[in-house]
Amino acid sequence: MENAAPCEPGAAEPPAARTRPRLVFRTQLAHGSPTGRIEGFTNVRELYAKIAEAFGISPTEVSTQHLETTPCTGPPGPGVEILFCTLNSHKVDMQKLLGGQIGLEDFIFAHVRGETKEVEVTKTEDALGLTITDNGAGYAFIKVHPACVGGDSIPGPLGSKERIKEGSIINRIQAVCVGDSIEAINDHSIVGCRHYEVAKMLRELPKSQPFTLRLVQPKRAFDMIGQRSRSSKWPVEAKVSSGRETLRLRSRGPATVEEVPNDFEEEASRRVDDLLESYMGIRDPELAATMVETSKKTAGVQAFARCLDSVLGEFAFPDEFVVEVWAAIVEAREACG
């Protein structure tokens, strides 16, 4: 897109938002804990640090013996014992994964480090059959493959049953579960790497040569529900009403209180997230939402490409991918009227 028009002024800026009142969120450890309260965070890394502080989690639990060989430049965030968070459910449910938005009534469940395991994989085809996402604070992990309806079920942590691509290489390895964090590839730590970097490393591994994945599963509890304190106001499976506001967490700039996405934004973000998985092997609703947001102030695909390069240049999206993303957003707009 060499002849792309200049990005319209303000295209990369977040929407104007009113002053944020004091926001306090309830949180628990997913394997069982009392309820804590957190506030004063503006991004995901700070959120994890606040949760770690609330529960006395040491940010030095993760071994750093291989970090000098990490091919990524981004260090893990504070509170690195937390693998990921889910909203309104203690289960390892990738459909309730915390992304870039938190409803003002959402209950946050933090899934922390459990047992470490190593598996040997021989790459016999280009794709391993898994989708990578990350927690925005230094951990990449295996996410459910929603396109696989009818695939073989893999028992996930805490008894969940999620699907990894049917007939794939990873599908045949019973020890690999949805929700497992990928800590190292061939003894090279990838803590601090973004999901697209990890997906690229896995794609570039040579065929027919075995490699080792060091995985960390979320901590288990024998009787999670029994260990958790209950209350009628904040039940384990919180029921959240629609039509409320959300706290939007951004990698750049302060958090803002916004209305929930409208039908077009939700549909366009879903389609873009599907394209991210197809092209890059990652799932990232926040990245998809940012791309949709960027498109709103551009009049055509060339201007959109220029704006994406200025806002998300580190991803180096290929031209054909940008064209497909623009087409998906246009189709979503037309479908939603």
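The structure this text deals with has already been given above.
I will try to describe carefully the structure that is included in this document. (Residues numbered from 1 in each chain as written. Predicted model: local features only at pLDDT ≥ 70, side-chain atom pairs only at ≥ 80, totals over all residues. Heavy atoms only, no water.)

Re the packing of aromatic side chains
- Overall, the coordinates contain eight aromatic pairs when judged by the stated rule.
- Measuring from centroid to centroid gives 5.6 Å for phenylalanine 25 and phenylalanine 41, while their planes differ by 45°, and the two rings are tilted. Residue phenylalanine 25 is located in strand S1 (residues 25-29), and its partner phenylalanine 41 is located in the loop between strand S2 (36-38) and helix H1 (44-55); the two are separated by 16 residues in the primary sequence. Grouping residues by exposure puts phenylalanine 25 and phenylalanine 41 together as buried.
- With a centroid separation of 4.8 Å and 25° between ring planes, the pair formed by phenylalanine 84 and phenylalanine 141 is classed as stacked. Of this pair, phenylalanine 84 sits in strand S3 (residues 82-87) while phenylalanine 141 sits in strand S7 (residues 140-143), placing them 57 residues apart in sequence. In this structure, phenylalanine 84 and phenylalanine 141 share a single accessibility class: buried.
- Through pairs of rings, three or more aromatic residues link up here, namely Tyr196, Tyr279, Phe315, Phe317 and Phe321. (Phe/Tyr/Trp six-rings, centres within 6.5 Å; stacked < 30°, edge-to-face > 60°. Helix = DSSP H or I, 4+ residues; strand = E, 2+ residues; numbered from the N terminus. Buried < 20%, exposed > 50% of the residue type's maximum accessible area, 1.4 Å probe, protein only.)

Observations regarding the side chain of threonine 131
- By the element assignment, threonine 131 lies in strand S6 (residues 131-134).
- On the basis of relative accessibility, which here comes to 1%, the residue threonine 131 falls in the buried class.
- Looking at threonine 131, its side chain comes within polar contact range of the side chain of glutamate 277, at 2.5 Å. (Polar contact = N/O pair within 3.5 Å; in protein donor to acceptor, adjacent residues only side chain to side chain.)

Points about the packing of helix H4 (residues 263-280) against helix H7 (residues 319-335)
- Packing of H4 against H7 brings their axes to within 8 Å, and their N-to-C directions diverge by 155°. As summarised for this structure, H4 and H7 are arranged roughly antiparallel, according to the angle between their axes. The chirality of how H4 crosses H7 is right-handed. Of H7, the residues touching H4 (which contributes Phe264, Glu267, Ala268, Arg271, Val272, Leu275, Leu276 and Tyr279) are Glu320, Phe321, Glu324, Val325, Ala328, Ile329, Glu331, Ala332, Arg333 and Ala335.
- Class assignment for the residues of the contact of H4 with H7 results in twelve nonpolar, no polar and six charged. (Axes fitted to C-alpha atoms, helices over the stretch in contact; angles between N-to-C directions. Parallel < 35°, antiparallel > 145°, perpendicular 65-115°, else oblique. Left-handed = near helix turned anticlockwise from the far one by under 90°. Contact = heavy atoms within 4.5 Å. Nonpolar A, V, L, I, M, F, W, Y, C, P; charged D, E, K, R; others polar.)

Describing the packing of helix H5 (residues 285-295) against H7
- Between H5 and H7, the shortest axis-to-axis distance is 11 Å and the interhelical angle comes to 75°. By the angle class used here, H5 and H7 are roughly perpendicular. Every residue of H7 that contacts H5 at Met291, Val292 and Ser295 is listed here: Phe321, Val325, Trp326, Ile329 and Arg333.
- Here the residues of the contact of H5 with H7 sort into six nonpolar, one polar and one charged.

A look at helix H6 (residues 301-312)
- For H6, which comprises twelve residues, the first-to-last C-alpha distance of 15 Å matches the rise-based estimate of 16 Å (1.5 Å per residue) to within 8%.
- Turning to H6, its buried residues number three or more, namely Ala303, Phe304, Ala305, Cys307, Leu308, Val311 and Leu312.
- Its buried side turned inward, H6 meets H5 and H7. (Expected span 1.5 Å × (residues − 1).)

A word on the pairing of S7
- The pairing of S6 with S7 spans four bridges and is classified as antiparallel. Opposite threonine 131, over in S7, you have lysine 143 as the bridge partner.
- Where S7 meets strand S10 (residues 181-185), two bridges bridge the pair, whose relative direction is antiparallel. Residue pairing for S10: alanine 140 is matched across the bridge by isoleucine 182. (Pairing = 2+ DSSP bridges.)

Re the pattern of salt bridges
- Per the stated rule, a full pass over the model turns up 15 salt bridges.
- A salt bridge links arginine 194 to aspartate 134; the nearest nitrogen and oxygen atoms lie 2.7 Å apart. Placement of arginine 194 in the loop between strand S11 (188-189) and helix H2 (195-204) and of aspartate 134 in strand S6 is noted, with a sequence separation of 60 residues between them.
- You can call arginine 194 partly exposed: its relative accessible area is 29%.
- Exposure remark for aspartate 134: the relative accessible area of 11% places this residue in the buried category.
- Ionic pairing is found between aspartate 284 and arginine 194, a salt bridge with its closest N-O pair at 3.4 Å. Taken together, the residues aspartate 284 in the loop between H4 and H5 and arginine 194 in the loop between S11 and H2 connect sequence positions 90 residues apart.
- By relative accessible area, aspartate 284 is classed as buried at 9%. (Salt bridge = Lys/Arg side-chain N within 4 Å of Asp/Glu carboxyl O.)

As for the nonpolar core
- Counting residues in each nonpolar core, the largest one holds 34 residues, and the members touching the most others are Leu47, Ile102 and Ile108.
- Of all the secondary structure elements, the ones that give two or more residues to this core are S1, H1, S3 and strand S5 (107-122).
- With near-sequence residues (within four places) excluded, leucine 47 lies in contact with Ile38, Phe41, Leu98, Ile102, Ile108 and Leu249.
- Listed in part, the 27 residues of the second largest apolar core include Val272, Phe304, Phe321 and Val325. (Core = buried A, V, L, I, M, F, W, Y, C linked by side-chain atoms within 4.5 Å.)

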